[in-house]
Amino acid sequence: MVASAEDVKIDPWGSSQFQDYARLRDEFGIAEFGPVEWGVFASPHRLFRRGVVFGHRDFERVMDAVKAKDPWSVMTGFMPSGDLHLGHKMLFDQVVAHQAEGADLHLALADFEAIAARGFTPAKAERIALDQYVHNALALGLKPDNAEFYFQTRRHKVTSLAHRFAQRVNWSTLSALYGFSGETSLAHAMAPLVQAADILHPQLDGKGPRPVLVPVGVDQDPHVRLTRDIAQDSRLFSLQETKEGDLGAFVKSDDGVKEALDLAERTLRDQGYGELRRNDAYKALYVRRAGKADQRRIDLALAKAERASGQPGLLRPAATFHRFMTGLQGGKMSSSKPETSVYLTESPESATKKVKASVTGGRATAEEQRRIGAEPDKCPVYEMYLYHLAKDDAHLQEVYDTCRTGKRLCGGCKGEAVGLLVGFLQEHKEKRDQVAHLVPQIVAKD
Ligand code: TRP
Ligand code: SF4
């Protein structure tokens, strides 16, 4: 089913499925995440190569940093809602890959959000966060060096920053973005501001303004957009291309215009931009013919200069967006419906039963399937190969082709999937035992 324009809608707390990702991307101005983007990494992760991560905002900033070997960070968060399943695993896989590529990791345990949006007690949120999110992440390969988990409610810097942001965001913005109504609790309404604080606070540490990548599911895009606006709001300058193709750095405030333009002029000269034109009455400094790459470079240089002069200078975060796995029963994969997914801590017996009972893209009879082939694109079992089970692309291709041409039948195909899945679950269990002692080490005290 293809959604009509009116029902393309992104709701982080809703249950909408995103059938038509290309459409969603265009509708919301999300850019395509393709070989040009993931090609920047030395060994691009399978989730990139296979189009699971399908869109981005401002990923070019990360590419700049990777190419120049400059520091960049990954910031994401997890609402501790229940046991982790295969649908959650992919985000951890992506984060682990970024760690190997040199990013430092800031990982929020969104207990504030679980308490506010789900009505959890703090104790329950903490238990799920540690036992499921932190422990499983370590077992999936996350290393404690250069990485931290923290609880939102324990990090004063985050909650106080959220209050500061709250001064600049009004109710119409929030209700337009999230559909909040008169019944929405104020704690729930605060959750997006806390998340914006999560995303932006790493730039306030000693390393200063830098590219921060927020890998998330596409349901989180409203938070990403809000956060990007809040970051831009903190800036001294706004950058805009002029009709002549020059770049204008405009001072946003009416106060301190001269000092701000002095700062911009000094910064840009240091960056080697010689052809500058200044117009104090227009509160503007123009750089001749600055292309997109120059714009990003100038934006970062100005952010750092703003910080050095005592301003926040927060750079807008970049984001990547991943698709969601279909549940084993065909609908949404959901922690509250155990039959729709396999949990990372599930027993092999129970996982086997679930996969055997899964819907497929197969035909009514074996004879028909041999004759006309099956439909991997509609098959949750195929998705398990795509996201997790087929480690190399040639294997995935073989599953796809033999399914399409009817050489593969669903019984045998499920059997192969179960074999791979059980292998993973057993290995994961052993890894959990091996890394248990690291759990307290990777969780920040505050
Ligand atoms: N809202 C996210 C979720 O529902 C969790 C989250 C909290 C988050 N803070 C974040 C995600 C910062 C990305 C970045 O899972
Ligand atoms: Fe799905 Fe495998 Fe059947 Fe193809 S053969 S429809 S991939 S279960």
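The rules behind these values
- Residues numbered from 1 in each chain as written.
- Chains lettered and ligands numbered in written order.
- Predicted model: local features only at pLDDT ≥ 70, side-chain atom pairs only at ≥ 80, totals over all residues.
- Heavy atoms only, no water.
- Helix = DSSP H or I, 4+ residues; strand = E, 2+ residues; numbered from the N terminus.
- Rg over C-alpha atoms; globule rule 2.2 N^0.38 Å.
- Buried < 20%, exposed > 50% of the residue type's maximum accessible area, 1.4 Å probe, protein only.
- Lys, Arg positive; Asp, Glu negative; His and termini not counted.
- Charge placed at Lys NZ, Arg CZ, Asp CG, Glu CD.
- Phe/Tyr/Trp six-rings, centres within 6.5 Å; stacked < 30°, edge-to-face > 60°.
- Axes fitted to C-alpha atoms, helices over the stretch in contact; angles between N-to-C directions.
- Parallel < 35°, antiparallel > 145°, perpendicular 65-115°, else oblique.
- Left-handed = near helix turned anticlockwise from the far one by under 90°.
- Contact = heavy atoms within 4.5 Å.
- Nonpolar A, V, L, I, M, F, W, Y, C, P; charged D, E, K, R; others polar.
- Pairing = 2+ DSSP bridges.
- Near = heavy atom within 4 Å.
- Arc of directions from axis to C-beta.
- Polar contact = N/O pair within 3.5 Å; in protein donor to acceptor, adjacent residues only side chain to side chain.
- Areas by Shrake-Rupley, 256 points an atom, 1.4 Å probe, with all protein chains shown as cover.

Here's the deal with the overall build of the chain
Argument step 1. In terms of regular secondary structure, the chain is built from 19 helices and eleven strands.
Argument step 2. Here the chain has a C-alpha radius of gyration of 24 Å; the compact-globule value for 446 residues is 22 Å, and the two agree.
Argument step 3. With respect to the three principal axes, the spread of C-alpha positions in the chain is 80 × 50 × 45 Å.
Argument step 4. Each of the 446 residues in the chain was classed as buried or not, and the buried ones make up 55%.
Argument step 5. Measuring between centres, the 60 positive side-chain charges of the chain sit 1 Å from its 60 negative side-chain charges.

Some words on the packing of aromatic side chains
Argument step 1. Enumeration according to the criterion identifies 13 aromatic pairs in this entry.
Argument step 2. Measuring from centroid to centroid gives 5.0 Å for Phe33 and Phe59, while their planes differ by 85°, and the two rings are edge-to-face. You can see Phe33 sitting in the loop between β1 (31–32) and α2 (35–38) and its partner Phe59 sitting in helix α4 (residues 59–68), a full 26 residues away along the chain. Of the two residues, Phe33 and Phe59, both sit in the buried class.

Description of the packing of helix α14 (residues 348–356) against helix α18 (residues 410–435)
A pair of packed helices can be characterised by two numbers: the angle between their axes and the separation between those axes.
Argument step 1. Two elements in contact, α14 and α18, have axes whose closest approach is 10 Å; the angle formed by their N-to-C orientations is 150°. By the angle class used here, α14 and α18 are roughly antiparallel. Read as a crossing pair, α14 and α18 show a hand that is right-handed. Along its contact with α14, which presents Pro348, Ala351, Thr352, Val355 and Lys356, the element α18 presents Lys414, Val418, Leu421, Val422, Leu425 and Gln426.
Argument step 2. Among the residues forming the contact of α14 with α18, the class breakdown is seven nonpolar, two polar and two charged.

A look at the sheet that holds strand β5 (residues 147–151)
Argument step 1. The sheet built from seven strands is open, its strands ordered β1-β2-β11-β6-β3-β4-β5 with mixed pairing. Both outer strands of the open sheet, β1 and β5, are each paired with one neighbouring strand and no more.
Argument step 2. Inspection of the sheet shows strand β3 (residues 73–78) paired to strand β6 (residues 212–217) by two bridges, in the parallel sense. Residue pairing across strands places Ser73 opposite Val212, the latter belonging to β6.

Some thoughts on the site of ligand 2
Argument step 1. As a matter of local geometry, ligand 2 sits amid Thr360, Gly361, Gly362, Gln369, Ala374, Cys379, Val381, Tyr382, Cys403, Arg408, Cys410 and Cys413.
Argument step 2. Among the secondary structure elements, those contributing two or more residues to the shell around ligand 2 are α16 (380–389) and α18.
Argument step 3. Class assignment for the residues of the shell around ligand 2 results in seven nonpolar, four polar and one charged.

Quick look at helix α8 (residues 156–166)
Spacing of three or four residues puts side chains on the same side of an α-helix, whose turn is 3.6 residues.
Argument step 1. Among all positions in α8, only Val158, Leu161, Ala162 and Phe165 are buried. Projected down its long axis, α8 shows its buried positions confined to an angular sector of 105°, all on one face. Pointing more than 90 degrees away from the buried face of α8 are the exposed residues His156 and His163.
Argument step 2. Contact partners of the buried residues in α8: β5, α10 (186–200) and α11 (221–233).

Remarks on the site of ligand 1
Argument step 1. Surveying the vicinity of ligand 1 reveals 14 residues, the closest of which are Gly77, Glu113, Gln195, Asp198 and Gln220.
Argument step 2. For ligand 1, an oxygen atom lies 3.4 Å from a polar atom in the backbone of Met79.
Argument step 3. Contact distances for ligand 1 include 2.8 Å between a nitrogen atom and a side-chain N or O atom of Gln195.
Argument step 4. Contact with the protein chains removes 90% of the 360 Å² of surface that ligand 1 exposes when unbound.
Argument step 5. Breaking the shell around ligand 1 down by element, the ones donating at least two residues are β3, α10 and β6.
Argument step 6. Broken down by element, the shell around ligand 1 gets its largest block of residues, four residues, from β3.
Argument step 7. Residue composition of the shell around ligand 1, grouped by class: seven nonpolar, five polar and two charged.

Focus on the side chain of Glu306
Argument step 1. Structurally, the position occupied by Glu306 is in helix α13 (residues 292–308).
Argument step 2. Reaching out from Glu306, the side chain makes a polar contact with the side chain of Arg235 at a distance of 3.0 Å.
Argument step 3. Every residue in contact with Glu306, bar those within four places of it in the chain, is listed here: Ser234, Arg235, Leu236, Phe237, Leu263, Gln311 and Gly313.

What about the side chain of Gln132?
Argument step 1. Relative to the helices and strands, Gln132 is located in helix α7 (residues 122–139).
Argument step 2. When neighbours within four sequence positions are excluded, Gln132 is seen to be in contact with Gly82, Asp83, Leu84, Arg127, Ala137 and Thr345.

Some remarks on the packing of helix α12 (residues 257–270) against α13
Argument step 1. Viewed as axis vectors pointing N to C, α12 and α13 meet at an angle of 125°, and their least axial separation amounts to 10 Å. What the angle tells us is that α12 and α13 run oblique. For the pair α12 and α13, the crossing hand works out as right-handed. Contact residues: α12 offers Leu263, Ala264, Thr267 and Leu268, while α13 offers Ile298, Ala301, Leu302, Ala305 and Glu306.
Argument step 2. Looking at the contact of α12 with α13 residue by residue, the class counts come to seven nonpolar, one polar and one charged.

Geometry only, nothing functional implied.
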